[in-house]
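So you can see what is in the structure, the chains are spelled out below.
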Amino acid sequence: AMQDIDDTRRGILLARRDLMPNLRVVGSIQQFGEGPSIAESVGFDETSWTLGLAADTEFIRTRERVALSQRVLDRESAQWQFENVRDTIRREVRQRLMAYQRTWRELDIAERNLKLADDRLRLSRRMFQLGRGDNFTVTDAEDEFILAEQEWLNVRANASVEGYRLLQTVGTLIDFPEELRPDPGALP
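The sections below set out a description of the structure shown in this document. None of these values were measured; they are calculated from a predicted model. (Residues numbered from 1 in each chain as written. Predicted model: local features only at pLDDT ≥ 70, side-chain atom pairs only at ≥ 80, totals over all residues. Heavy atoms only, no water.)

**A word on a positive patch on the surface**
- Taken together, the side chains of Arg86, Arg90, Arg91 and Arg94 present a region of like positive charge at the surface.
- What makes arginine 91 partly exposed here is its relative accessible area of 44%. (Patch = residues over 30% accessible without salt bridge, like charges linked within 9 Å, V, L, I, M, F, W, Y side chains within 5 Å. Areas by Shrake-Rupley, 256 points an atom, 1.4 Å probe, with all protein chains shown as cover. Salt bridge = Lys/Arg side-chain N within 4 Å of Asp/Glu carboxyl O. Lys, Arg positive; Asp, Glu negative; His and termini not counted. Charge placed at Lys NZ, Arg CZ, Asp CG, Glu CD. Buried < 20%, exposed > 50% of the residue type's maximum accessible area, 1.4 Å probe, protein only.)

This is the structure we're talking about:
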């Protein structure tokens, strides 16, 4: 979109140049006394220099004015397209950033739930060992711990995926180490 704007600016410059009249410099030298001329009858015997400008006969240049107007419209269209692309990119980055932040909040919740399920499992096992609980309570706590662990792993995977999606949207998906990057001074 930025290149389109640059192209339309060049088009406007060319259209403005085409709008200028075609001028030609016309020059001539005439020696008096070498043929029939008014200067001979007056008695001049010198060289006459003539310098002039010649232009096209069409001063209104309707076709060129229409072309310039079209180039100006093209520039406005390219500017609008650029703003549209920029706004689309902003919106997409915001959406990805919000999704990334949301998954990290979900990850915090999943970690707390996993910690609570682990605490409940340890408590139910301890109560069972002391004879104050039954094996059904321990089994239920183990099932809840497994579910909480699965949920934590799923949310953690989603957070990683959202992180990569955010990097892709921003345009920095792969960050190369400094030793693999080209030396800026070595480039022509």
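**Regarding helix 3 (residues 62-130)**
- Taking 1.5 Å as the rise per residue, helix 3 with 69 residues should run 102 Å; its terminal C-alpha atoms sit 101 Å apart, in good agreement.
- Listed in full, the buried residues belonging to helix 3 are Glu64, Leu68, Ala78, Ala99, Thr103, Leu107, Ala110, Leu114, Ala117, Leu121 and Ser124.
- Tucked into the core, helix 3 has its buried residues touching helix 1 (2-19) and helix 4 (135-170).
- The positive-phi residue at the C-terminal boundary of helix 3 is glycine 131, with phi of around 85°. (Helix = DSSP H or I, 4+ residues; strand = E, 2+ residues; numbered from the N terminus. Expected span 1.5 Å × (residues − 1). Contact = heavy atoms within 4.5 Å.)

**Topic: the side chain of threonine 8**
- Locating threonine 8 in the fold gives a position in helix 1.
- The exposure class of threonine 8 is buried, given its relative accessible area of 13%.
- Look past the residues within four positions of threonine 8 in its chain and what remains in contact with it is Asp74, Arg75 and Ala78.

**A short note on a nonpolar patch on the surface**
- Taken together, the side chains of Leu23, Val25, Leu51 and Leu53 define a hydrophobic patch exposed on the protein surface, amounting to about 490 Å² of accessible area.
- Sorting the residues of the nonpolar patch by element identifies strand 1 (23-31) and strand 2 (47-55) as the ones contributing at least two each.
- Structurally, leucine 51 can be placed in strand 2.

**Here's the deal with the pattern of salt bridges**
- Applying the stated criterion across every chain, the model contains nine salt bridges.
- The salt bridge involving arginine 71 is made with aspartate 74; its shortest N-O contact spans 3.4 Å. On the criterion of helical spacing, the pair formed by arginine 71 and aspartate 74 is a turn pair, its members being three residues apart in helix 3.
- The exposure class assigned to arginine 71 is partly exposed, which follows from its relative accessible area of 32%.
- A relative accessible area of 29% means that aspartate 74 is categorised as partly exposed.
- In this structure, the salt-bridge partner of arginine 120 is glutamate 144, at a minimum N-O distance of 2.6 Å. Here arginine 120 is found in helix 3, whereas its partner glutamate 144 is found in helix 4, with 24 residues between them in sequence.
- Because the salt bridges share partners, they merge into one network encompassing Lys115, Asp118, Asp119 and Arg122.

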